[in-house]
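Structure assessment
Here is how the chains run, residue by residue.
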Amino acid sequence: MTDTARLPEGYETSADSGRIDVERVHRWLSTDAYWAMGRVREKQERAIEGSLNFGVYDTVSGEQVAYARVVTDRATFAWLCDVYVDPAVRGKGIGTALVEAVREHLRPYGLRRILLATHDAHGVYEKAGFAALAKPDQWMAFYFG
């Protein structure tokens, strides 16, 4: 997966978990992502190990500039989470391109749906075809606390 059609020139996407800069991803999420503030490194590593992982990389330096992961059974359902774009490259369309690349990577699985939750990035996901739940009254959640 290195489709760069929607990315600005000089960037590429990859679904190779071996390319993930775990230290960088942990720093981003645990210090700057409202949903993961304070997440410990061990928990982030377990999340990465149990998920499909996607990155966006600078094609010259190889530096990772964005991250997303997907929890899925690869048959019926997927949860898109931990989508993060480095503040230095925000506003270039990298987030939307990453989400579109993830969506297309998952398409061959024949999933029924991909879900996600966001507090403030609805516009990014809407550009990639996501919409509010059609029947939110049918969904429930259990919270450990």
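Up top you'll find the structure we're talking about.
Residues numbered from 1 in each chain as written. Predicted model: local features only at pLDDT ≥ 70, side-chain atom pairs only at ≥ 80, totals over all residues. Heavy atoms only, no water.

As for the overall build of the protein
Basically, it comes down to this: Helix and strand definitions follow DSSP, with helices as H or I runs of at least four residues and strands as E runs of at least two, each counted in order from the N terminus. Values of the radius of gyration come from C-alpha atoms, whereas the globule rule sets the reference at 2.2 Å times the count of residues to the power 0.38. Exposed residues in this analysis have more than 50% of their type's maximum accessible area, buried residues have under 20%, and partly exposed residues fall in between, with area computed by a 1.4 Å probe over protein chains only. Only the protein chains shown count as covering a residue, and every accessible area follows the Shrake-Rupley method with a 1.4 Å probe. In this count, Lys and Arg are taken as positive residues and Asp and Glu as negative ones, while His and the chain termini are left out. Where a charge lies is defined by one atom per residue type, namely NZ (Lys), CZ (Arg), CG (Asp) and CD (Glu).
A count of helical and extended segments in the protein gives four helices and five strands. Taken from N to C terminus, the helices and strands of the protein fall in the order β-α-α-β-β-β-α-β-α. Here the C-alpha radius of gyration of the protein, 15 Å, is about what a compact globule of 145 residues would show, namely 15 Å. Each of the 145 residues in the protein was classed as buried or not, and the buried ones make up 40%. About 8,700 Å² of surface is accessible on the protein, with carbon and sulfur atoms providing 52% of the total. Here the protein contributes 18 positive and 20 negative side-chain charges, whose respective centroids are spaced 5 Å apart.

Some points on the nonpolar core
Put simply, the rule is: Within this scheme, the nonpolar core is defined by two criteria: the residues are buried Ala, Val, Leu, Ile, Met, Phe, Trp, Tyr or Cys, and they are joined through side-chain atoms within 4.5 Å. Here a residue-residue contact requires only that any non-hydrogen atoms of the pair lie within 4.5 Å.
Counting 25 residues, the largest nonpolar core has V56, V70, L80, I94 and V102 as the members making the most contacts within it. With six residues, the top contributor of residues to this core is helix 3 (residues 94–106). If we ignore the near neighbours within four places in the chain, the residues touching L80 are A68, R69, V70, V99, V102, I114, L115, L116, Y125 and F130. Counting residues in each nonpolar core, the second largest holds ten residues, with I20, V25, I48 and Y67 among its members.

Thoughts on a nonpolar patch on the surface
The condition that has to hold: Only residues whose relative accessible area exceeds 30% and that form no salt bridge are eligible for patches; like-charged ones are grouped when within 9 Å, while nonpolar side chains (Val, Leu, Ile, Met, Phe, Trp, Tyr) are grouped when within 5 Å. Should a side-chain nitrogen of Lys or Arg be within 4 Å of a carboxyl oxygen of Asp or Glu, the pair is scored as a salt bridge.
A cluster of nonpolar side chains, contributed by V71, F77, W79, L133 and W139, occupies part of the molecular surface with about 410 Å² of accessible area. Summarising the element assignment, V71 is placed in strand 3 (residues 64–72). Residue class for V71 comes out partly exposed when judged on its relative accessible area of 37%.

No statement about biological role is implied by the geometric values presented.
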